[in-house]
Amino acid sequence: MSGSLNGGHEAARAVLDKAAHENFPVAPFFVPRAWRADLMAVYGYARLVDDIGDGDLPPGGADAELLGLDRSLADDPLAMLDAFEADLDRVFDTASAAPPRHPLLRSLRPTVLRNGLTPGPFRGLIEANRQDQRVRRYATFQELLDYCELSANPVGRLVLGITGTATPERVRRSDAICTALQIIEHLQDVAEDLRRDRVYLPAEDMKRFGVTEADLAAPKGGASVCALVAYEAERARDLLNEGTPLVGSVHGRLKVLLAGFVAGGRAALRAVAAAGHDVLPGPPRPTKLSLLREVGATLRREG
């Protein structure tokens, strides 16, 4: 039993350690301690769901065992997602004495209860990863936006819920920011996604720019690939611009936190542009200095 418990803590720590590698700060030091704990609980949930969907769980099957499955099913994303959703039900089933099985979901339960969070956003993230198992290409930009409604926008809504600042207008602005961040991440990871047999560049845009999947598999991007990436980057920038007034609608440390999210997207776009929009050799990543500069610029614009 103690070995399983230790394995659970190690699995949870492996997921949370990934926060340091995101484009934007997940739960920076300056936010109130209660917010920081709740933001990390939500991050841990979202990151684990993505790791299940991407097949990125640590080897050995510890997460499957934690969810009550045979370790051999750790490589079956749909079985894992079903078991994970059943464990999510335990988070919200306050009438039951049975706690969630997975340590990250046990950590999530106090966050949910303290902030009155609803299951919808959490289920959306699971459904996005189910969609990743059956949909590997997107015909239109609208289809991609619909996917982001499941895969990205729930996170921003949860942040607003944790900070007690959700309004219809703020949710709309938050959705624009989160969708932009998702698109930017896809642009950075074109080569990696293709290796997973996934393409998040809309087929209609690939056809317009004369880009084939063989072009995306090349070690370097040609002129047509770079032009396509630049086009999608501009779309992401427009969405960021649409969402940025969210920063100016709040105050104090929340303003700085949201500025960090926007700045992470802007800094990543600058890194992509600095690479000549050639993302195929590897994901262009912003430096910490460029991120700080973008935070300052965002705060000045939305102050």
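The structure presented is a predicted model; accordingly, all values stated were derived computationally and were not measured. (Residues numbered from 1 in each chain as written. Predicted model: local features only at pLDDT ≥ 70, side-chain atom pairs only at ≥ 80, totals over all residues. Heavy atoms only, no water.)

Helix and strand counts for the protein chain stand at 16 helices and 0 strands. For 303 residues, the compact-globule formula gives about 19 Å, and the C-alpha radius of gyration of the protein chain, at 19 Å, lands near that figure. Projected onto the principal axes, the alpha-carbon positions of the protein chain cover approximately 60 × 45 × 30 Å. Looking at the protein chain as a whole, 50% of its 303 residues are labelled buried. At a minimum sequence separation of 6, the contacts of the protein chain that also span at least 24 residues come to 68%. A total of about 13,600 Å² of accessible surface is found on the protein chain, and carbon and sulfur atoms cover 55% of it. Separation between the mean location of the 37 positive side-chain charges and that of the 41 negative ones in the protein chain comes to 7 Å. (Helix = DSSP H or I, 4+ residues; strand = E, 2+ residues; numbered from the N terminus. Rg over C-alpha atoms; globule rule 2.2 N^0.38 Å. Buried < 20%, exposed > 50% of the residue type's maximum accessible area, 1.4 Å probe, protein only. Contact = heavy atoms within 4.5 Å. Areas by Shrake-Rupley, 256 points an atom, 1.4 Å probe, with all protein chains shown as cover. Lys, Arg positive; Asp, Glu negative; His and termini not counted. Charge placed at Lys NZ, Arg CZ, Asp CG, Glu CD.)

Attention shifts here to helix 15 (residues 252-274). Here helix 15 spans 32 Å end to end across 23 residues, near enough to the 33 Å set by a 1.5 Å rise per residue. The element helix 15 is extensively covered by neighbouring structure, given that 17 of its 23 residues are classed as buried. (Expected span 1.5 Å × (residues − 1).)

Across all of its chains, the model carries 26 salt bridges by this definition. Here Arg130 ties to Asp82 by a salt bridge, and the two come within 3.0 Å at their closest N and O atoms. On the criterion of sequence distance, the pair formed by Arg130 in helix 6 (residues 119-134) and Asp82 in helix 4 (residues 77-92) is long-range, its members being 48 residues apart. The residue Arg196 makes a salt bridge to Glu192 at a minimum N-O spacing of 3.1 Å. Arg196 gets classed as partly exposed once you look at its relative accessible area, which sits at 23%. (Salt bridge = Lys/Arg side-chain N within 4 Å of Asp/Glu carboxyl O.)

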